[in-house]
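Per-entry structural report
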Amino acid sequence: MNETYYSLKKVAAMFGGQHLKEDITRLEQSGEIGAQVKFRSGALYRKGFSSNDISKIGEKLGFFKTFNSPTSLCVFTTKGGVLKSTLALNLARTAALHGLKTCVVGLDIQGDVTTALGFDDGLEDSADLNYILEKLNRTKGLSDIFNNSIRLNEAIVPTDLENLFLIPETPELVALNDSLSNINRREFWLKEKVIDPLKQHFDLVIMDCSPNWNKLTTNALVACDALISPLECKINNFRNFKVFSKFLEEFKQEMRLDFESIFVPTRYSLNRKLSQDILSWYRENVDGCIDGAIREGVSGEEATALNKSFIEHCPGKPASNEIIEVLSEVHRRIEESISRRTPEAASWQYSRNQANPQESSWR
Ligand SMILES: Nc1ncnc2c1ncn2[C@@H]1O[C@H](COP(=O)(O)OP(=O)(O)OP(=O)(O)O)[C@@H](O)[C@H]1O
Ligand SMILES: [Mg+2]
């Protein structure tokens, strides 16, 4: 895979603005990060930082710091196409670019986040069906863990970013969803067997859900510290939200869960009054709704199609600046909820197992 390079101006924009340029240059001069390298861009040679340097810069100067304790997030709402997977992808890539060791757990049979993290790259172009079948057969996932045919670390695959890992979605998720209905403590399997063990090796675990209430989703809700739930700024989401929030509250009470619910308005349109009115209504009436929002637009769509986060794809553009606001706010809410739930966490820094997650010992 070709290495991607980012100019000083782009890196500053990725992490919050041009005021960071001087600090980045200071890090470069002191040798804390690698020096910019020359790379070819079309007919020209330019200077830039590689993605490994980027995560060191993000860790020191960025807006998404490591939390006081390992954290699990569930991205879910009962509406399709409202940017759940896009949010999961942006959270995951942005966190990894800030040095957080991050693992995405795909829970949607559609496999969007698995595709977005480049897992299927090259398969379509391969002329060799046997190679494709062999690769697909080799792919292990949550149902193999459930059946005890592999250990958890064997299901984790690397991505193009050194801090970002994935448990890919496989077609057997359908069977797993069924199997989960037939076991004792059926809502707790994912938490006990997957997410809690992952939290010993990762700073952040992100679960991308399908738009349905099913066993995989309820397992994800039980396993999360915070729910990140998109609120589409369109009229047909309005009714859906009322039903969803009622279901959610009932489920939380029944299961005695105290995860934080963070609602993120998505797909608002700058030139539609109705969309602006819905956005204002959400902000005023939905408990846990953030001030930021993700606009409907080509830059965001392109970024997701290219499997990039907004800050990588269009640093400095409105879509990127808005997601910085959104993710900063989400980050602050998560941190507040961690210290509310476990006040002692605010004063200590946990130490994560530093070994490569695929190789380290898991029990
Ligand atoms: N800012 C944006 N504006 C408009 N479209 C976008 C934007 N960002 C991403 N998209 C596109 O919107 C589509 C739906 O997004 P996404 O897959 O994230 O939704 P989802 O809620 O996960 O859907 P599903 O319920 O099917 O899992 C994708 O094709 C994505 O590329
Ligand atoms: Mg999705």
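Reading the values: the criteria
Residues numbered from 1 in each chain as written. Chains lettered and ligands numbered in written order. Predicted model: local features only at pLDDT ≥ 70, side-chain atom pairs only at ≥ 80, totals over all residues. Buried ≥ 20, exposed ≤ 12 C-beta atoms within 10 Å, placed from the backbone. Helix = DSSP H or I, 4+ residues; strand = E, 2+ residues; numbered from the N terminus. Pairing = 2+ DSSP bridges. Right-handed = clockwise from strand over helix to strand, strands pointing away. Contact = placed C-beta atoms within 7 Å. Axes fitted to C-alpha atoms, helices over the stretch in contact; angles between N-to-C directions. Domains from an automatic or database assignment. Near = placed C-beta within 6 Å. Nonpolar A, V, L, I, M, F, W, Y, C, P; charged D, E, K, R; others polar. Core = buried A, V, L, I, M, F, W, Y, C linked by C-beta atoms within 7 Å.

Here strand β10 (residues 260-268) lies mainly inside the structure; eight of its nine residues are buried. Relative to β10, strand β9 (residues 226-232) runs parallel, the two sharing seven bridges. Opposite Pro230, over in β10, you have Val264 as the bridge partner. Regarding the hand of the β-α-β motif, the stretch spanning β9, helix α11 (residues 235-255) and β10 is right-handed.

Before going further, it helps to spend a moment on the sheet that holds strand β2 (residues 37-41). Spatially, three strands are ordered β1-β3-β2 in an open sheet, and the strand pairing comes out antiparallel. Two strands in the sheet have a free side with no partner beyond their single neighbour: β1 (5-6) and β2. Pairing between β2 and strand β3 (residues 44-50): five bridges, direction antiparallel. Counted as the bridge partner of Ser41 is Leu44 from β3. Its contacts with the sheet put helix α3 (residues 51-61) on β1 and β3, and the angle it makes with β3 is roughly 50°.

Before going further, it helps to spend a moment on the domain arrangement of the chain. Taken domain by domain, the chain consists of domain 1 (7-58) and domain 2 (63-344). Spacing between the C-alpha centres of domain 1 and domain 2 amounts to 29 Å. With 11 residues of domain 1 at the contact, the number on the domain 2 side is 14 residues. The set of elements that each furnish at least two residues to the side of domain 1 that touches domain 2 consists of α1 (8-15) and α3. Ranked by residues supplied to the side of domain 1 that touches domain 2, first place goes to α3 with six residues.

Before going further, it helps to examine the site of ligand 1. The environment of ligand 1 is formed by 19 residues, the closest being Gly80, Ser85, Thr86, Gly300 and Thr304. When residues of the shell around ligand 1 are traced back to their parent elements, those giving at least two are α4 (84-96) and α13 (298-305). For the shell around ligand 1, the element with the highest residue contribution is α13, accounting for four residues. Taken together, the residues of the shell around ligand 1 sort by class into five nonpolar, eight polar and six charged.

Most of strand β8 (residues 204-209) sits out of view: six of its six residues are buried. Across the two faces of β8 the burial is the same, with Leu204, Ile206 and Asp208 and Val205, Met207 and Cys209 all buried. Here strand β4 (residues 71-75) pairs with β8 via five bridges, running parallel. Within the sheet, the bridge partner assigned to Cys74 lies in β8 and is Met207. When strand β5 (residues 102-107) meets β8, the two strands line up parallel, connected through six bridges.

The subject of this paragraph is the nonpolar core. Formed by 92 residues in total, the largest nonpolar core has its most connected members in Cys74, Val75, Cys103, Ile206, Met207, Ala220 and Val264. Each of domain 1 (7-58) and domain 2 (63-344) gives at least three residues to this core. The residues touching Met207, leaving out its near neighbours within four places in the chain, are Leu73, Cys74, Val75, Val105, Leu107, Ala220 and Cys224.

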